[in-house]
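This is what each chain is made of:
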Amino acid sequence: QYGKKSTSSKSRSNEDECEEEIDIEVEYNSWDPYLERVVYILKGNKFEKLVIVLRWINGQETVHWADDVYNRCPQKVIEFYESSAIFINE
(Lines give C-alpha, C1' and ligand atoms only; values in the text may rest on other atoms or scores of the structure.)
Protein backbone atom coordinates (compact mmCIF):
# COMPACT_ATOMS: atom_id res chain seq x y z
CA GLN A 1 0.00 0.00 0.00
CA TYR A 2 3.00 2.28 -0.02
CA GLY A 3 4.49 3.86 -3.10
CA LYS A 4 3.86 6.76 -5.40
CA LYS A 5 0.26 7.85 -5.05
CA SER A 6 -1.62 8.74 -8.19
CA THR A 7 -4.59 10.98 -7.48
CA SER A 8 -7.54 12.19 -9.49
CA SER A 9 -7.70 15.93 -9.14
CA LYS A 10 -8.66 19.12 -10.89
CA SER A 11 -6.01 21.12 -12.68
CA ARG A 12 -5.58 24.60 -11.24
CA SER A 13 -4.84 26.11 -14.66
CA ASN A 14 -7.84 24.90 -16.65
CA GLU A 15 -10.11 23.28 -14.04
CA ASP A 16 -10.40 20.14 -16.18
CA GLU A 17 -10.10 16.74 -14.54
CA CYS A 18 -6.66 15.20 -14.88
CA GLU A 19 -4.39 12.60 -13.36
CA GLU A 20 -1.45 13.88 -11.35
CA GLU A 21 1.42 11.93 -9.84
CA ILE A 22 2.56 13.03 -6.40
CA ASP A 23 6.33 12.65 -6.15
CA ILE A 24 6.43 11.35 -2.58
CA GLU A 25 5.61 8.00 -1.02
CA VAL A 26 2.12 8.07 0.44
CA GLU A 27 0.19 5.49 2.42
CA TYR A 28 -3.21 5.27 0.69
CA ASN A 29 -5.48 6.04 3.62
CA SER A 30 -3.52 8.77 5.41
CA TRP A 31 -2.18 11.91 3.78
CA ASP A 32 -1.54 13.88 7.02
CA PRO A 33 2.16 13.00 7.37
CA TYR A 34 2.89 13.97 3.76
CA LEU A 35 1.14 17.33 3.68
CA GLU A 36 2.50 20.72 4.59
CA ARG A 37 -0.95 22.31 4.78
CA VAL A 38 -4.33 23.04 3.25
CA VAL A 39 -3.80 26.11 1.06
CA TYR A 40 -7.45 27.03 0.53
CA ILE A 41 -10.94 25.68 -0.01
CA LEU A 42 -12.99 26.60 -3.09
CA LYS A 43 -16.69 26.61 -3.85
CA GLY A 44 -17.92 28.24 -7.00
CA ASN A 45 -20.22 27.96 -9.98
CA LYS A 46 -17.79 25.69 -11.85
CA PHE A 47 -17.63 23.17 -8.99
CA GLU A 48 -20.59 21.05 -7.93
CA LYS A 49 -19.08 20.66 -4.44
CA LEU A 50 -16.14 21.90 -2.38
CA VAL A 51 -12.60 21.38 -3.61
CA ILE A 52 -9.48 21.74 -1.49
CA VAL A 53 -6.00 22.80 -2.61
CA LEU A 54 -3.26 20.91 -0.73
CA ARG A 55 0.46 21.72 -0.49
CA TRP A 56 2.58 18.58 -0.07
CA ILE A 57 5.88 18.49 1.81
CA ASN A 58 7.71 18.45 -1.54
CA GLY A 59 6.13 21.83 -2.43
CA GLN A 60 3.71 20.47 -5.03
CA GLU A 61 0.12 21.76 -4.89
CA THR A 62 -2.80 19.58 -5.95
CA VAL A 63 -6.57 20.01 -5.99
CA HIS A 64 -8.96 17.38 -4.61
CA TRP A 65 -12.63 16.92 -3.83
CA ALA A 66 -13.32 17.83 -0.20
CA ASP A 67 -14.79 14.40 0.57
CA ASP A 68 -11.45 12.72 -0.23
CA VAL A 69 -9.47 15.24 1.81
CA TYR A 70 -11.79 14.93 4.83
CA ASN A 71 -11.24 11.16 4.84
CA ARG A 72 -7.50 11.10 4.20
CA CYS A 73 -6.13 14.10 6.09
CA PRO A 74 -8.71 15.33 8.60
CA GLN A 75 -6.14 16.90 10.94
CA LYS A 76 -4.85 19.25 8.22
CA VAL A 77 -8.42 20.34 7.44
CA ILE A 78 -9.05 21.03 11.13
CA GLU A 79 -5.82 23.06 11.33
CA PHE A 80 -6.94 25.10 8.31
CA TYR A 81 -10.34 25.87 9.81
CA GLU A 82 -8.81 26.72 13.20
CA SER A 83 -6.31 29.13 11.62
CA SER A 84 -9.05 30.73 9.49
CA ALA A 85 -11.66 31.08 12.22
CA ILE A 86 -12.38 34.45 13.80
CA PHE A 87 -13.22 34.32 17.49
CA ILE A 88 -15.12 37.13 19.16
CA ASN A 89 -14.81 37.66 22.89
CA GLU A 90 -17.96 39.12 24.40
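Identification of the protein chain as Chromo shadow domain-containing protein from Gigaspora rosea is taken from an unreviewed UniProt entry. Per UniProt, the comment on the protein chain under Subcellular location (unreviewed entry) is "Nucleus".

Okay, the sheet that holds strand β3 (residues 35-42) next. Reading across the sheet, the three strands line up as β3-β4-β5 and stay open at both edges, with antiparallel pairing between neighbours. Unpaired on one side and paired on the other, β3 and β5 (61-65) mark the two borders of the sheet. Strand-to-strand, the axes of this sheet are offset by a mean angle of 30°, without reference to chain direction. In terms of strand pairing, β3 meets strand β4 (residues 51-56) through six bridges, oriented antiparallel. Each bridged residue has a counterpart across the sheet, and for Val38 the counterpart in β4 is Leu54.

The predicted model of the protein chain has a mean per-residue pLDDT of 76, with 68% of residues at 70 or higher. Mean pLDDT values for the elements of the protein chain range from 42 in strand β1 (residues 4-10) up to 94 in β4. For residues 1-19, every residue scores under 50 in pLDDT, and the model assigns this stretch 55 contacts once sequence neighbours within four places are set aside.

A separate point is the UniProt feature "domain: Chromo shadow" (unreviewed entry) in the protein chain. Look at the UniProt record and you will see "domain: Chromo shadow" (unreviewed entry) annotated at residues 45-83. Structurally, residues 45-83 is divided into 44% helix and 28% strand, and its ends, taken at the C-alpha atoms, are 26 Å apart.

Right, let's get into the pattern of salt bridges. Pairs can form between side chains of opposite charge whenever their charged atoms are close. According to the stated counting rule, one finds three salt bridges in the structure shown. For Asp67, the salt bridge is made with Lys49, and the minimal N-O distance between the two is 3.6 Å. One end of the pair, Asp67, is in helix α1 (residues 66-72); the other, Lys49, is in the loop between β3 and β4, with 18 residues separating them in the sequence. Its relative accessible area of 42% is what places Asp67 among the partly exposed residues. Overall, the relative accessible area of 32% leaves Lys49 in the partly exposed class. Ionic pairing is found between Glu79 and Lys76, a salt bridge with its closest N-O pair at 3.9 Å. Separated by three residues within a single helix, Glu79 and Lys76 lie in helix α2 (residues 74-84), roughly one turn from each other.

Our focus in this paragraph is α2. Regarding α2, the residues found buried are Lys76, Val77 and Phe80. Looking down the long axis of α2, one finds its buried residues gathered within 100° of arc, a one-sided arrangement. Lining the buried residues of α2 we find β3, β4 and α1.

Reading the values: rules and limits
Residues numbered from 1 in each chain as written. Predicted model: local features only at pLDDT ≥ 70, side-chain atom pairs only at ≥ 80, totals over all residues. Heavy atoms only, no water. UniProt positions renumbered as here; feature names shortened; annotations may be inferred. Pairing = 2+ DSSP bridges. Helix = DSSP H or I, 4+ residues; strand = E, 2+ residues; numbered from the N terminus. Axes fitted to C-alpha atoms, helices over the stretch in contact; angles between N-to-C directions. pLDDT = per-residue confidence, 0-100. Contact = heavy atoms within 4.5 Å. Salt bridge = Lys/Arg side-chain N within 4 Å of Asp/Glu carboxyl O. Buried < 20%, exposed > 50% of the residue type's maximum accessible area, 1.4 Å probe, protein only. Arc of directions from axis to C-beta.

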